[in-house]
Amino acid sequence: MLRYAVHDFRRNMRMVESVFFMIVLPTALYLMFSGMNGDANAPAGQGNVAAYIMTSMALYGAVLATSGIAGSAAVERAKGWGRTLALTPAAASSYVASKVLVALAISVLPVAVVMTVGFLTGAEISGLRWLTTAVIVVLGSAAFAFYGLAAGLLFRSEAAVSVSSGLLVVLSFFGNLFVPLSGIMLDIARFTPLYGLAGLARWPQLEGTVAANGPGVPPDEMWFLVLNLFAWTVIFGGIAILAARRGTSRM
Amino acid sequence: MTTAAIALRNLRKTFRSAEGDLRAVDGITLTVEPGEVVAFLGRNGAGKTTTLDMVLGFTQPTSGSVEVFGLTPRHAIEQGLVGAVLQSGALLDDLTVRQTMEMVAALHGPVDVDDALRRAGAESIASRKVSKCSGGEQQRLRFALALLPNPELLILDEPTAGMDVNARRDFWATMRAETKRGRTVVFATHYLDEAEEFADRTIVIDGGTIVADGTTADIQGHAGTSTLSCRWDMVDGDPAALPHVLTHTMDSGHLTCQTANTDALARHLLTRTSASQLAISPARLEDAFVTLTASGKAQT
């Protein structure tokens, strides 16, 4: 399974266009948002606002990467690659595991690039918190490998790729990654898939403080964010495995 | 007693749908011994592919049992005993032939990629991208993939569908080399000439059941007829009056007859009529097949 994952990783890296898109886009967004924001250097928790934006964009890049991997899984499965693999000793679950590993490995790239650019252009986080932030982003984006895989295996088409990426933009918005939310939107947003992970990614810097446009909002509790992430991971993972088992039947 | 390569007992598979139940496989019992080369012959929808899907563990039987070398289909694949070339087994376009082999090889135990490529005749295309390969070349890659675990049993589902004549001939030449090594081969086809030319044993499947099972010669014998064609002169009247003719067709002076007694008919035509340009073909599997599937189960 591991050797297969290595081959799959190399294969994805060969797809230059999509890799370029996954890394350049979040970096460009970071530069835009932090450039436009006059308070970029203002303090925010254990760092500054620019770092907050950087973390958000790194997370966005990471989940874009993992859902991109899922896109390839969708196309593979739709074409019947699953049947070719079913003639080997490998089980369906090891296919899922291998895809998740590859997605994780690939999602390290946008995180590394965005954070490097961020730190070079004035983002600040105190101490080693940038490292914990990076680790949380990369590990947490595994949940979104399940998300993209579930979409791809369920719908088995190129269209699934576009939809899942598009939906990710909406989920990022609700995850408080772009414009800070407030009021009812914020209440709803707390239960959406990206919210928990976003809050956890920003925890080293903000420890749950919610950046909001309106009057003071109570900070998010750690247990709530973890529960959000855990629950959504289980849901996406379950759907992915069930859909993968369906992959070999022709009917 | 050696373990059978494939043992099916009362195998059934029913698909449920809104329109009702489809009995794709309706009670198949058969045994394939190691080293046999068997053709599953049948029309599209006869149940051949569903049966093979169960032998490969892709589908679970509704009832009955399937064993491959005494193991469940999944276990047999895990032991590297089975290789298959499927119609629907897909390839990844962006990979080269060799990259595809190495990626799949990573999921087997230790295997020899170069050896499999060579035996499938795919060495020359090893660096070519799958998307740039012709249909025949892609099939050779699938064949190479099937050979990776050095399997004892090879399952081929319509392996030459879509191939041109040359590609087909090359494919079967490569297959012959494999059967000489003592591999068991089961192939599903609706190309009757393939079954005729290549299989020692033909199993005719129709409507999810076995309609005939025997050596290819036995199956031909079921039809019991040969085809005789000649140039017919209308001076001799209506060919319907000819003795020994079961059925006939006329097409602008060219007469084609089915007969159970070739010699008698030929003698009659040559001595009593002015028919010319006689040509006689021995009983074709095609005719046997049509007869068998039209009339239902035949005694073997």
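Since the structure is predicted, the reported quantities are computational estimates derived from the model, not experimental observations.

(A) Geometry of the overall build of chain B. Check the secondary structure of chain B and you find ten helices and 13 strands. Reported as C-alpha extents along the three principal axes, the dimensions of chain B are approximately 75 × 45 × 45 Å. Expressed as a percentage of its 300 residues, the buried residues of chain B come to 40%. In chain B, the share of contacts with a sequence separation of at least 24, taken over all contacts with a separation of at least 6, comes to 70%.

(B) Structural context of the overall build of chain A. Of the regular secondary structure elements, chain A holds twelve helices and two strands. In chain A, the order of α-helices and β-strands from amino to carboxyl end is α-α-β-β-α-α-α-α-α-α-α-α-α-α. Computed over its C-alpha atoms, the radius of gyration of chain A comes to 18 Å, within 12% of the 18 Å expected for a compact globule of 251 residues. By principal-axis analysis of the C-alpha atoms, chain A measures approximately 60 × 35 × 30 Å. Counting every position in chain A, which comprises 251 residues, the buried fraction comes to 51%. A fraction of 81% describes how many contacts in chain A between residues 6 or more apart in sequence connect residues 24 or more apart.

(C) Broad picture of the sheet that holds strand S8 (residues 201-206) of chain B. Residues and elements named next belong to chain B. If you walk across this open sheet you meet the six strands as S5-S6-S7-S3-S8-S9, and the pairing is mixed. Two strands in the sheet have a free side with no partner beyond their single neighbour: strand S5 (82-85) and strand S9 (209-215). When strand polarity is set aside, the average angle formed by the axes of neighbouring strands in this sheet is 15°. Across five bridges, strand S6 (residues 153-157) lies against strand S7 (residues 184-189) in parallel orientation. Note that in S7 the partner of Asp-157 across the bridge is Ala-188.

(D) Molecular detail of the nonpolar core. Residues Met-54, Leu-59 and Ala-145 of chain A together with Ala-144 and Ile-155 of chain B are the most contacted members of the largest nonpolar core, which totals 145 residues. Among the elements that take part in this core, helix H3 (residues 49-79) of chain A stands out by supplying 18 residues, more than any other.

(E) Main features of helix H10 (residues 193-201) of chain A. Within H10 of chain A, nine of the nine residues are buried, which leaves the element mostly enclosed by the surrounding structure. Turning to H10 of chain A, its buried residues number three or more, namely Pro-193, Leu-194, Tyr-195, Gly-196, Leu-197, Ala-198, Gly-199, Leu-200 and Ala-201 of chain A.

(F) Molecular detail of the packing of helix H1 (residues 2-13) of chain A against helix H5 (residues 92-120) of chain A. Residue and element names in this part refer to chain A. Contact geometry of H1 with H5 gives a least axis separation of 9 Å together with a crossing angle of 45°. Taken together, the axes of H1 and H5 lie oblique to each other. Crossing hand, H1 versus H5: right-handed. Every residue of H5 that contacts H1 at Tyr-4, Ala-5, Asp-8, Phe-9 and Asn-12 is listed here: Ser-98, Leu-101, Val-102, Ala-105 and Ile-106. Split by residue class, the contact of H1 with H5 holds seven nonpolar, two polar and one charged.

(G) Representation of helix H12 (residues 222-245) of chain A. Residue and element names in this part refer to chain A. Over its 24 residues, H12 runs 35 Å from end to end, which matches the ideal 34 Å to within 8%, given 1.5 Å per residue. Of all the positions in H12, only Leu-225, Asn-228, Leu-229, Trp-232, Thr-233, Phe-236, Ala-240, Ala-243 and Ala-244 are classed as buried. Where H12 is buried, its residues meet H5, helix H6 (129-140), helix H7 (142-155) and H10.

(H) How the structure looks around the sheet that holds strand S2 (residues 20-32) of chain B. All names here are of chain B. A sheet is described by the order of its strands in space; here three strands give the open sequence S2-S1-S4, paired in antiparallel fashion. For this open sheet the edge positions go to S2 and strand S4 (63-68), each flanked by a neighbour on one side alone. Shown here is a sheet whose adjacent strand axes are inclined to one another by a mean of 25°, direction ignored. As judged from the five bridges shared by strand S1 (residues 6-17) and S4, these two strands associate in the antiparallel manner. Pairing of Ala-7 across the sheet is with Glu-67, part of S4.

(I) Highlighting the environment of Asp-193 of chain B. Its location among the elements puts Asp-193 of chain B in helix H7 (residues 192-198). Distance in space between the C-alpha atoms of Asp-193 of chain B and Val-235 of chain B is 37 Å, their sequence separation being 42 residues.

Rules of the game
Residues numbered from 1 in each chain as written. Chains lettered and ligands numbered in written order. Predicted model: local features only at pLDDT ≥ 70, side-chain atom pairs only at ≥ 80, totals over all residues. Helix = DSSP H or I, 4+ residues; strand = E, 2+ residues; numbered from the N terminus. Buried ≥ 20, exposed ≤ 12 C-beta atoms within 10 Å, placed from the backbone. Contact = placed C-beta atoms within 7 Å. Rg over C-alpha atoms; globule rule 2.2 N^0.38 Å. Pairing = 2+ DSSP bridges. Axes fitted to C-alpha atoms, helices over the stretch in contact; angles between N-to-C directions. Core = buried A, V, L, I, M, F, W, Y, C linked by C-beta atoms within 7 Å. Parallel < 35°, antiparallel > 145°, perpendicular 65-115°, else oblique. Left-handed = near helix turned anticlockwise from the far one by under 90°. Nonpolar A, V, L, I, M, F, W, Y, C, P; charged D, E, K, R; others polar. Expected span 1.5 Å × (residues − 1).

No statement about biological role is implied by the geometric values presented.
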